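Listed below, chain by chain, are the residues.
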Amino acid sequence: MAWPRSAYWCGIRLSKMDGMAERNELGDFLRASRAAVSPEKLGLEQYASRPGRRVQGLRREEVAELAGVSVDYYTRLEQGRHNRPSEAVIDALSRALRLDAVTHAHLVDLARPVRRRPEQPQVQRVRPAIHQLIASMVDHPAFIVGRRTDILAANDLARALITDWRALPPRERNYARWMFLDPAARAIYQDWSTVAAEVVGTLRLDAGRHPGDQRLNELVGELTIKSPEFRTWWNDHRVHERTHGSKRMTHPAVGPITIHYQAMALPGDKDQTLFVYTTDPGSSSADNMRLLAMWTAQNKRETTANPKDTTSTTNAGAQTPA
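Residues numbered from 1 in each chain as written. Predicted model: local features only at pLDDT ≥ 70, side-chain atom pairs only at ≥ 80, totals over all residues. Heavy atoms only, no water.

Asker: So what about the nonpolar core? Which residues, and what values?
Answerer: By size, the foremost hydrophobic cluster in this structure holds 42 residues, and its most contacted members are Phe-143, Ile-162, Tyr-175, Trp-178, Met-179, Tyr-189 and Tyr-277. The element contributing the most residues to this core is helix α13 (residues 192-209), with 6 residues. One finds Val-37, Ala-64, Leu-107 and Ala-111 within the second-largest nonpolar core, a separate group that totals 21 residues. (Core = buried A, V, L, I, M, F, W, Y, C linked by side-chain atoms within 4.5 Å. Buried < 20%, exposed > 50% of the residue type's maximum accessible area, 1.4 Å probe, protein only. Helix = DSSP H or I, 4+ residues; strand = E, 2+ residues; numbered from the N terminus.)

Asker: Hey, could you go over the confidence of the model for the protein chain for me, with residue numbers and the actual values?
Answerer: Averaged over all residues, the pLDDT of the protein chain equals 82, while 79% of them reach at least 70. Across the protein chain, the element-wise mean pLDDT spans from 36 in helix α1 (residues 6-9) up to 98 in strand β5 (residues 273-278). In this model residues 1-22 is a low-confidence stretch, pLDDT under 50, and it forms 38 contacts with partners more than four residues away in sequence or in other chains. (pLDDT = per-residue confidence, 0-100. Contact = heavy atoms within 4.5 Å.)

Asker: Break down the pairing of strand β2 (residues 151-154) for me, citing the residues and quoting the values.
Answerer: For strand β1 (residues 142-145) and β2, the ladder comprises 3 bridges, and the chain directions are antiparallel. Considered in β2, the bridge of Val-145 is made with Ile-151. (Pairing = 2+ DSSP bridges.)

Asker: Help me get a handle on the packing of aromatic side chains, residues and values and all.
Answerer: Within this structure, the stated rule accounts for 11 aromatic pairs. Between Phe-180 and Trp-192, the aromatic rings sit 5.7 Å apart at their centres with planes inclined by 75°, giving edge-to-face as the arrangement. Of the two residues, Phe-180 is situated in helix α11 (residues 175-181) and Trp-192 in helix α13; the sequence distance between them amounts to 12 residues. Put simply, the rings of Phe-180, Trp-192, Phe-230, Trp-233 and Trp-234 touch in pairs and so form one group of aromatic residues. (Phe/Tyr/Trp six-rings, centres within 6.5 Å; stacked < 30°, edge-to-face > 60°.)

Asker: Explain unusual backbone geometry to me, and be specific about the residues and the numbers.
Answerer: A positive phi angle, near 65°, is found at Thr-149, a position not held by glycine. Structurally, Thr-149 can be placed in the loop between β1 and β2. On the basis of relative accessibility, which here comes to 4%, the residue Thr-149 falls in the buried class. The backbone of Asp-271 shows a phi angle near 60°, a positive value even though the residue is not glycine. One can find Asp-271 in the loop between β4 (255-265) and β5.

Here it is as structure tokens:
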């Protein structure tokens, strides 16, 4: 796949052979992490007051000192001349950079890359019982997210609240791609920048766990070129794990809805996560969600559209209806 020259301008070096991103991910992550930690926040005023200081974050020698390693060793880590640190060094760097549990796990992924050929896209299938489960949730939006934030399945209410994934071309049934390239996403999420930045962090986690995923690298390359916001947040190297939280949304038919989401990994289905949206009982959001559910059910009864194709394989490798 030939990428345009702008791919070099935005900071990604792409292989002429396969389009995979060639980056020193561990070094980039370490530089971004120390730049985000100021001596004042760590209570290290002696660092902040050092003469000739020109950076807000930590210097290489300061991270090395805090981690108990030599400056030369740490410099080689950042420069990509040594990318297999011991578990003790990883833990020491994590403490020095004040990483939380999720970011520490990401550091481990980057520091222990699996040397292998680029991964071939694998078909992700949602079990029939899971399809039946989310379809039965007529009062709650529910959907399944797979690798690379591919949308593998969604019930009627989720499609009505977010977007009709079935109406999109197969390669566009991806949450991150929709978030950054579809203008409708900015209208739906009242806090679009917060939600979108978290999506980037989710992709960062996936990239660390699956460094040979060609589809993921192609998605990141496309979004980096087409979206300035994605490019900025991707270069921050921040990670995000979806567990639970709240989002403020607006639906054109019923108005504002504040939802609470729960993300649950499906046992036995690797890299598949079930998302369920709920609202506070008795709230205006609950009333609006109820109206949307009624509107969705009525539209379903009245529709005379042709049946959807439920067997097409998406460009991301998901062979399930969205």
